[in-house]
There are 2 protein chains.
Amino acid sequence: MLEVEEALAIVLDRTRPRTPVETALTPRALGRVLAESVTSELDSPPFAKSVMDGYAVRSADATSSVALTVIEEVAAGKTPTKTIGPGQATRVMTGAPIPFGADAVIPHEQTELTENTVQLRRPVAAGEFVIPRGREMAAGEVVLNKGTVLTPAVLGLLSAVGRTTVIAQPVPRLAVVPTGDELVEPPAAPGPGQIRNSNGPMLMAQATRAGAEARYMGIARDDRDALRNLLDDALAASDIVVLSGGVSAGKYDYVPDVLRELGVEAHFHKIRMKPGKPLFFGTRGETLVFGLPGNPLSSFVGFELFVRPALRKMSGYAIPGPVFVGLPLAAPLEASNDRPTYAPGRLEVSSEGQRVRGAAWFGSADLRGLAGADALIRLPAGSVKYASGYIVSTLPVN
Amino acid sequence: MLEVEEALAIVLDRTRPRTPVETALTPRALGRVLAESVTSELDSPPFAKSVMDGYAVRSADATSSVALTVIEEVAAGKTPTKTIGPGQATRVMTGAPIPFGADAVIPHEQTELTENTVQLRRPVAAGEFVIPRGREMAAGEVVLNKGTVLTPAVLGLLSAVGRTTVIAQPVPRLAVVPTGDELVEPPAAPGPGQIRNSNGPMLMAQATRAGAEARYMGIARDDRDALRNLLDDALAASDIVVLSGGVSAGKYDYVPDVLRELGVEAHFHKIRMKPGKPLFFGTRGETLVFGLPGNPLSSFVGFELFVRPALRKMSGYAIPGPVFVGLPLAAPLEASNDRPTYAPGRLEVSSEGQRVRGAAWFGSADLRGLAGADALIRLPAGSVKYASGYIVSTLPVN
């Protein structure tokens, strides 16, 4: 049986960043990935500028306490008109350009103004409180590389270089298909032998949070023709199709057969993990198909371990994850499992860093236990008995 | 001058969760906060059910290898019609109800079927592979408390208890107002003495990411009447107004005066921090007003340290943050600052946990340096010289 790491390698190997790249408006592109390199067309700052409210001076004049004649006053957004000569100074606001002749600024709190004369209370060194032209970036310089994630600060930088649109990786389209005759849609009350569909809304939210354009296809019933029609639609309009249920070895689980009929090539359908062993992965062209087990925790874990990384690689992220972090246990943890296990945990923060604590859960159907968790803890197969402080591999999930 | 911690306490003390609470559709409420307690109206599972494909048996019959007569076959979603008597078994699929009489399930891999007779390869203990009715939650039990954040798993649990709507905290409305005559909107080219407005898009993205309904008001010019009109509009339609620029001590900084005229009570306008000392905070009724300094890094840091926590408290989060984590330095760090400083950093992950590294930056105007960072490192006033591995207080920001 495949190990999780082998299975993930197969998934990522079959995943390509989605094409074609497209033009996106920067204000709305938060979280997307740049598909071009961005060059600055200007020097920033465009002029030597003051970082303080004060007086622009010639440092040569200001070697000791002197009085200088104030010849002009320059606000941010205005341009100096006079060159500073010996014995002269210009009042400058924060952000204002430094006039020709000046090479430093003294903050106004360190001066005293009488009529048109400013008395300096200390000497001033060349360059003080001045940012030289082009310090941040020079015209022609690449300031953002292809593959950069569009964070708030990156969006600010794009605005600074005049960009309101960028070439970005397209957002993957992900279809969610819960399967099974036992499911009813909330708020309907489940009849005998039925349960409410909770995986549909949960997977939709996981997909949305992971940056997908998520589309809900409705419940596929245990009927070959209906299932085939629904999956045909899902495959035609999606980059990733995520099913839940219908992939274990039960007699009524048609999903793998129907996918084969629709031209989906199967790559694996079992992983040595808990929860979620019977996990199906297939492809049709560049479209990925995941069949997650129907139990809520299996479905949740399968999404975080395989679907989310594929989605992120398809979105253009250089590091698709999952990024497990080694964290010390906040409490002892005992477990005994026949396969590597991904157990719900809770993160805790202290001044000495993060820690993680195993959360109570009784198995892969325990949605309530999962709802109280914000991390998954990776445990090896076999029996383990860890003390507090033992470092466990942890995946934050909220 | 106020310390950051004192200033944050003043802000949070003036911040109330936004009212009135409102009905929200669960699929769209991801990230919002529950404003009611949610009770389960059903037992989950609603029936004792099988967690494996296999045979439901009476454990009393299965103390040693025996052959049992298969009397029925039950798929998930179906209801058993026959009670199991001595020497009998029922074929059950994963998720199917356990028939009356049975108290355990044996997986089909551990059996052999010949005609209507199933041979068990091992004894079966009572309760094996069966989840009892109500194990996850019982009817009448509170399963989610007021204040719970609507994560994907919580949305799944809400669906399981039949909820498609919840009473949720409303989303705060946040207005972004960049100020200053020196600003031009991208893509326009800045003229002499001008710079492009980068804080507007950056703050909009920060606000969106923090869960606000963000509204961009356009640039307020250095003109008292225009500024007053624009702020009047912003105050009337927002829970939080965020200005950038116009709050330092320059002669042309009208903002504090105009806010006073509009009935905004000032609580502080200076904080002992770097970048971002001249940070204004005021209130009018329950509306919060933040005046952030105009330099990009000052604006960014001011948002993360004060606006984001206020926004989260207003959104109903029990822990508004900022949540600093103690992380070891990945490289030595030297700094000398006259005030407590929040410097850009980069997070790194290894099997031994997260680490952080100081990022290159040359001051509060360095948007390019900030764009390469994903954390802020808190440094004390004075000179510090830390070795690798020293634990520094770190705020992840992306």
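What comes next concerns the included structure. Keep in mind it's a predicted model, so treat the numbers as computed, not measured.

Criteria and cut-off values
- Residues numbered from 1 in each chain as written.
- Chains lettered and ligands numbered in written order.
- Predicted model: local features only at pLDDT ≥ 70, side-chain atom pairs only at ≥ 80, totals over all residues.
- Heavy atoms only, no water.
- Helix = DSSP H or I, 4+ residues; strand = E, 2+ residues; numbered from the N terminus.
- Contact = heavy atoms within 4.5 Å.
- Pairing = 2+ DSSP bridges.
- Axes fitted to C-alpha atoms, helices over the stretch in contact; angles between N-to-C directions.
- Patch = residues over 30% accessible without salt bridge, like charges linked within 9 Å, V, L, I, M, F, W, Y side chains within 5 Å.
- Areas by Shrake-Rupley, 256 points an atom, 1.4 Å probe, with all protein chains shown as cover.
- Salt bridge = Lys/Arg side-chain N within 4 Å of Asp/Glu carboxyl O.
- Buried < 20%, exposed > 50% of the residue type's maximum accessible area, 1.4 Å probe, protein only.
- Polar contact = N/O pair within 3.5 Å; in protein donor to acceptor, adjacent residues only side chain to side chain.
- Nonpolar A, V, L, I, M, F, W, Y, C, P; charged D, E, K, R; others polar.
- Parallel < 35°, antiparallel > 145°, perpendicular 65-115°, else oblique.
- Left-handed = near helix turned anticlockwise from the far one by under 90°.
- Least-squares fit on C-alpha atoms with pLDDT ≥ 70 in both.
- Expected span 1.5 Å × (residues − 1).
- Bend = angle between axes of the 7 residues up to and from the residue.
- Core = buried A, V, L, I, M, F, W, Y, C linked by side-chain atoms within 4.5 Å.
- Phe/Tyr/Trp six-rings, centres within 6.5 Å; stacked < 30°, edge-to-face > 60°.
- Lys NZ or Arg CZ within 6 Å of the ring centre and 35° of its normal.

1. Side note on the side chain of S159(B)
- Relative to the elements of secondary structure, S159(B) occurs in helix α2 (residues 152-160).
- Ignoring anything within four residues of it in the chain, the contact list for S159(B) reads P186(A), R196(A), N197(A), S198(A) and P201(A).

2. Regarding the sheet that holds strand β4 (residues 54-57) of chain B
All names here are of chain B.
- Ordered by their spatial adjacency, six strands build an open sheet running β7-β4-β6-β5-β9-β8, and the pairing between neighbours is mixed. With one partner strand each, in any of the chains shown, β7 (104-107) and β8 (111-114) form the two edges of the open sheet. Strand-to-strand, the axes of this sheet are offset by a mean angle of 40 degrees, without reference to chain direction.
- Bridging between β4 and strand β6 (residues 88-92) involves three bridges; their strand directions are antiparallel. Residue pairing across strands places A56 opposite T90, the latter belonging to β6.

3. Notes on a nonpolar patch on the surface
- A cluster of nonpolar side chains, namely I319(A), V323(A) and V349(B), defines an oily patch on the protein surface of about 260 Å² accessible area.
- When you line up the elements, I319(A) lands in the loop between α6 (296-314) and β21 (325-328).
- Given a relative accessible area of 60%, I319(A) falls into the exposed group.

4. Quick word on the environment of E141(A)
- The topology assignment puts E141(A) in the loop between β10 (130-131) and β11 (142-144).
- According to the relative accessible area criterion, E141(A) is partly exposed, its value standing at 31%.
- If sequence neighbours within four positions are ignored, E141(A) has contacts with V38(A), T39(A), S40(A) and R368(B).

5. Thoughts on the interface of chain A and chain B
- Each side of the interface is counted separately: chain A has 81 residues, and chain B has 81 residues.
- Inspection of the region where chain A meets chain B yields four salt bridges.
- One salt bridge in this structure joins E41(A) and R196(B), with 2.9 Å as the shortest N-O distance.
- For the pair chain A and chain B, the number of links is 13 residue pairs in polar contact (both at pLDDT 80 or more).
- With eight residues, the single largest contributor to the side of chain A that touches chain B is helix α2 (residues 152-160) of chain A.
- Partitioning the side of chain A that touches chain B into residue classes produces 40 nonpolar, 24 polar and 17 charged.

6. Quick notes on the packing of helix α3 (residues 199-209) of chain B against helix α6 (residues 296-314) of chain B
All names here are of chain B.
- One way to put it is that α3 packs onto α6 with a least axis distance of 10 Å and a crossing angle of 25 degrees. Put simply, α3 runs roughly parallel to α6. Like other packed secondary-structure pairs, α3 and α6 cross with a definite hand, here right-handed. Here N199, M202, L203, Q206, A207 and R209 of α3 come into contact with α6, specifically with P296, S299, F300, F303, E304, R308 and L311.
- Class assignment for the residues of the contact of α3 with α6 results in seven nonpolar, three polar and three charged.

7. Things to note about the relation of the copies chain A and chain B
- Overlay of chain A on chain B (RMSD 0.0 Å): rotation 180 degrees, translation along the axis 0.0 Å. Here the symmetry operator amounts to a two-fold rotation axis.
- Here 100% of the interface residues in chain A have copies in chain B that are interface residues too; the copies meet face to matching face.

8. Quick look at the pairing of strand β20 (residues 287-292) of chain B
All names here are of chain B.
- Burial analysis of β20 places six of its six residues in the buried class, which makes it a mostly covered element.
- Of the two faces of β20, the one holding T287, V289 and G291 and the one holding L288, F290 and L292 are both buried throughout.
- When strand β17 (residues 240-244) meets β20, the two strands line up parallel, connected through five bridges. Among the inter-strand pairings, V242 is bridged to a residue of β20, identified as F290.
- Alignment of strand β19 (residues 280-284) against β20, held across five bridges, turns out to be antiparallel. Bridge pairing in β20 links F280 to G291.

9. Topic: α6(A)
Residue and element names in this part refer to chain A.
- Here α6 spans 25 Å end to end across 19 residues, near enough to the 27 Å set by a 1.5 Å rise per residue.
- Taking the largest bend as the criterion, α6 deviates by roughly 40 degrees, centred on F303.
- Burial within α6 is extensive, with 17 of its 19 residues counted as buried.

10. Topic: the sheet that holds strand β13 (residues 173-178) of chain A
All names here are of chain A.
- With mixed pairing, the six strands of this open sheet are ordered in space as β16-β13-β17-β20-β19-β18. Looking at strand neighbours, the two that pair on one side only are β16 (213-216) and β18 (265-268), the edges of this open sheet. Taken over all neighbouring pairs, the strand axes of this sheet differ in orientation by 25 degrees on average, direction set aside.
- Contacting β13, β17 (240-244) and β20 (287-292), α6 crosses the sheet at an angle of about 170 degrees to β20.

11. Topic: the pairing of strand β6 (residues 88-92) of chain A
Residues and elements named next belong to chain A.
- Counting buried positions along β6 gives four out of five residues, so the element sits mostly inside the fold.
- Pairing of strand β5 (residues 67-74) with β6, which is carried by five bridges, proceeds in the parallel orientation. Bridge pairing links V74 to V92 in β6.

12. Focus: the nonpolar core
- Within the largest apolar cluster, 61 residues are counted, with the highest numbers of intra-cluster contacts made by L174(B), I240(B), F290(B), F303(B), L305(B) and F306(B).
- Residues in contact with F303(B), not counting those within four places in the same chain, are L174(B), L203(B), Q206(B), A207(B), A210(B), L292(B), R308(B), P309(B) and L311(B).

13. Overview of the packing of aromatic side chains
- Under the defined criterion, the tally for this structure stands at ten aromatic pairs over all chains.
- Summarising the aromatic geometry, the rings of Y386(B) and Y390(B) are spaced 3.9 Å apart at their centres and angled 10 degrees between planes, so their arrangement reads as stacked.
- Here a set of aromatic residues connected by ring pairs shows up, and it is made of F268(A), F281(A), F290(A) and F306(A).
- A cation sits over an aromatic face here: R312(A) above Y317(A), 3.9 Å from the ring centre.
- One residue, R91(B), lies across the ring of Y55(B), its end atom 5.3 Å from the ring centre.

14. Digging into the pattern of salt bridges
- A complete count under the given rule lists 44 salt bridges over all chains for this structure.
- Between D61(A) and R58(A) there is a salt bridge, with its nearest N and O atoms 3.4 Å apart.
- Two residues, D225(B) and R228(B), come together in a salt bridge whose shortest N-O distance is 3.0 Å. On the criterion of helical spacing, the pair formed by D225(B) and R228(B) is a turn pair, its members being three residues apart in helix α4 (residues 224-236).
- Several salt bridges share partner residues, and in doing so they unite R224(A), D225(A), R228(A), D257(A), R260(A) and E261(A) into one network.

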